Amino acid sequence: MSVLKHLKKLVTDWFLCGMVLATLLAWLLPSYGGRGGALHLDKVINIGVFLVFFLHGANLSGEQIGRGLRNWKLHVMVQGFTFVVFPLLWLAASHLGAQSLPPMLMLGFLYLCALPSTISSSVALTGSAKGNVPGAILNASLSSVLGIFITPWLVSLVVGTGQGGIDLGPTLLDLSLMLLAPLVLGQIARRWIRGFIARNKRYTNILDKCVILLLVYSAFCNSMLSGMWQQQSGSVILAAFAGSALLLATVLLMTTRVTRWAGFNHADQVAGVFCASKKSLAAGAPMAALIFGQHPALGLILLPIMIYHPLQLIVCSVMAETYNQRAARLDAALAAP
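Residues numbered from 1 in each chain as written. Predicted model: local features only at pLDDT ≥ 70, side-chain atom pairs only at ≥ 80, totals over all residues. Heavy atoms only, no water.

As recorded in an unreviewed UniProt entry, the chain goes by Bile acid:sodium symporter and comes from Pseudomonas quercus.

Chemist: I'd like a rundown of the nonpolar core, residues and numbers included.
Modeler: Buried together is how nonpolar side chains tend to be arranged in soluble globular proteins. Ranked by size, the top nonpolar core spans 85 residues in total, and within it Val-49, Tyr-111, Leu-179, Phe-274, Phe-292 and Leu-302 carry the most contacts. If we ignore the near neighbours within four places in the chain, the residues touching Val-49 are Met-178, Leu-179, Val-211, Leu-215 and Pro-286. By size, the runner-up hydrophobic cluster in this structure holds 5 residues, among which are Phe-54, Ala-58, Ala-189 and Ile-197. (Core = buried A, V, L, I, M, F, W, Y, C linked by side-chain atoms within 4.5 Å. Buried < 20%, exposed > 50% of the residue type's maximum accessible area, 1.4 Å probe, protein only. Contact = heavy atoms within 4.5 Å.)

Chemist: Which residues make up the environment of Asp-208, and what are the values?
Modeler: Within the secondary structure layout, Asp-208 lies in helix H11 (residues 201–226). Asp-208 gets classed as buried once you look at its relative accessible area, which sits at 12%. Taking the C-alpha atoms as reference points, Asp-208 and Ala-282, 74 residues apart in sequence, are found 7.3 Å from one another. Excluding anything up to four places from it in sequence, Asp-208 contacts Val-52, His-56 and Ala-282. (Helix = DSSP H or I, 4+ residues; strand = E, 2+ residues; numbered from the N terminus.)

Chemist: Can you break down the UniProt feature "transmembrane region" (unreviewed entry) in the chain residue by residue, with the values?
Modeler: Per the UniProt record, the feature "transmembrane region" (unreviewed entry) sits at residues 12–32, 44–62, 74–93, 105–125, 137–159, 171–189, 210–229 and 235–254. Helix makes up 100% of residues 74–93 and strand 0%, with an end-to-end C-alpha separation of 27 Å. Between the C-alpha atoms that bound residues 235–254 the distance is 28 Å, and the span itself is 100% helix and 0% strand. (UniProt positions renumbered as here; feature names shortened; annotations may be inferred.)

Chemist: Explain helix H13 (residues 266–277) to me, using residue names and the numbers behind them.
Modeler: With 12 residues, H13 ought to run about 16 Å at 1.5 Å a step, and its terminal C-alpha atoms sit 17 Å apart, in line with that. Counting buried positions over the 12 residues of H13 gives 11, a clear majority of the element. Capping of H13 at its N-terminal end is provided by Asn-265; its side-chain oxygen lies 3.3 Å from the backbone amide nitrogen of Ala-267. (Expected span 1.5 Å × (residues − 1). Polar contact = N/O pair within 3.5 Å; in protein donor to acceptor, adjacent residues only side chain to side chain.)

Chemist: Residue-level account of the packing of aromatic side chains, with values.
Modeler: Applying the stated criterion across every chain yields a total of 3 aromatic pairs. Seen in terms of ring centroids, Tyr-111 and Phe-292 are 5.4 Å apart; in terms of plane orientation they differ by 75°. Their pairing is edge-to-face. Note that Tyr-111 is positioned in helix H7 (residues 103–114) and Phe-292 in helix H14 (residues 281–292), a separation of 181 residues in sequence. An identical accessibility class is assigned to Tyr-111 and Phe-292; each is buried. Centroid distance Phe-274 to Tyr-323: 5.8 Å. Interplanar angle 85°. Geometry classified as edge-to-face. Here Tyr-323 lies in helix H15 (residues 298–335) and Phe-274 lies in helix H13, a separation of 49 residues in the sequence. Tyr-323 shares its class with Phe-274; the two are buried. (Phe/Tyr/Trp six-rings, centres within 6.5 Å; stacked < 30°, edge-to-face > 60°.)

Chemist: Kindly report on the packing of helix H8 (residues 120–128) against helix H9 (residues 133–159), identifying the contributing residues and their values.
Modeler: Following both chains from N to C, one finds H8 and H9 inclined at 165°, their axes separated by 9 Å at the closest point. Overall, the two elements H8 and H9 adopt an arrangement that is roughly antiparallel. Our pair here, H8 against H9, has a crossing hand that is right-handed. On the side of H8, the interface is formed by Val-123, Thr-126 and Gly-127, while H9 contributes Val-133, Ala-136 and Ile-137. (Axes fitted to C-alpha atoms, helices over the stretch in contact; angles between N-to-C directions. Parallel < 35°, antiparallel > 145°, perpendicular 65-115°, else oblique. Left-handed = near helix turned anticlockwise from the far one by under 90°.)

Structure below.
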């Protein structure tokens, strides 16, 4: 029943329904959201992304960072999985037959593996499972900042730099101006606007998701206009789904085993598993637009993270309930005379 409850919640989630609608609109009306279209989405998205990351910066308190700094083993484990283990899993898959997949889909899986962890869902799930919330906040935030530099670098190791690849210097500069600069400005402005942010957190979350939907719509519009999707079969979507599910299952198994082997207590196990297994669509969509530019296959490159995102929410929500029940049993055992 627990799984069915989460599936029902997922089906009625307006954001996930919005992603489906965005792809359908791109199929029906690609000229409006494509490059040079009537909606001028390139300018709208740039403003939206800057504002979203400004609000993320304003929402992060120094006290939360300070409380999370002490647990170095947790930090090493989370960042190691996010930026080392995930790419190594992609590398292993690429040498074990996955090269039979379309090259752009393989590039999409590489991009998925190179992305930073999420912030909002990692922290929310960690809290609901009685985990180490300060540790989750610090690691998810640190991952987002590191990802600005590490994600394009990891992708460049495969696709190369310069002509035909990623122009790494200008890409890092663009990412810093678009993502890092507003984070810093938000942190500076926090002392004046933190009350407003706290009172309107619901609306800032809605803005965050609306910007992602615009990015998804724009990426798929450009892919439709290029004719890329017309060249793909249904097996590509099935392969993306199967690969994303296998990747998530593998990482969850590995993170669970590693946190136990390292002797983490319950709170750190929860934070470690949830933060180290997540990948951020919120950061991935705008970063893809900056890293790959107007690449005609951008929709296909984004496909794995678009599938991985709802999968991680379903599975980790179910796990959060299990962790919560275990925490309740531990508390009851400690309270017993």
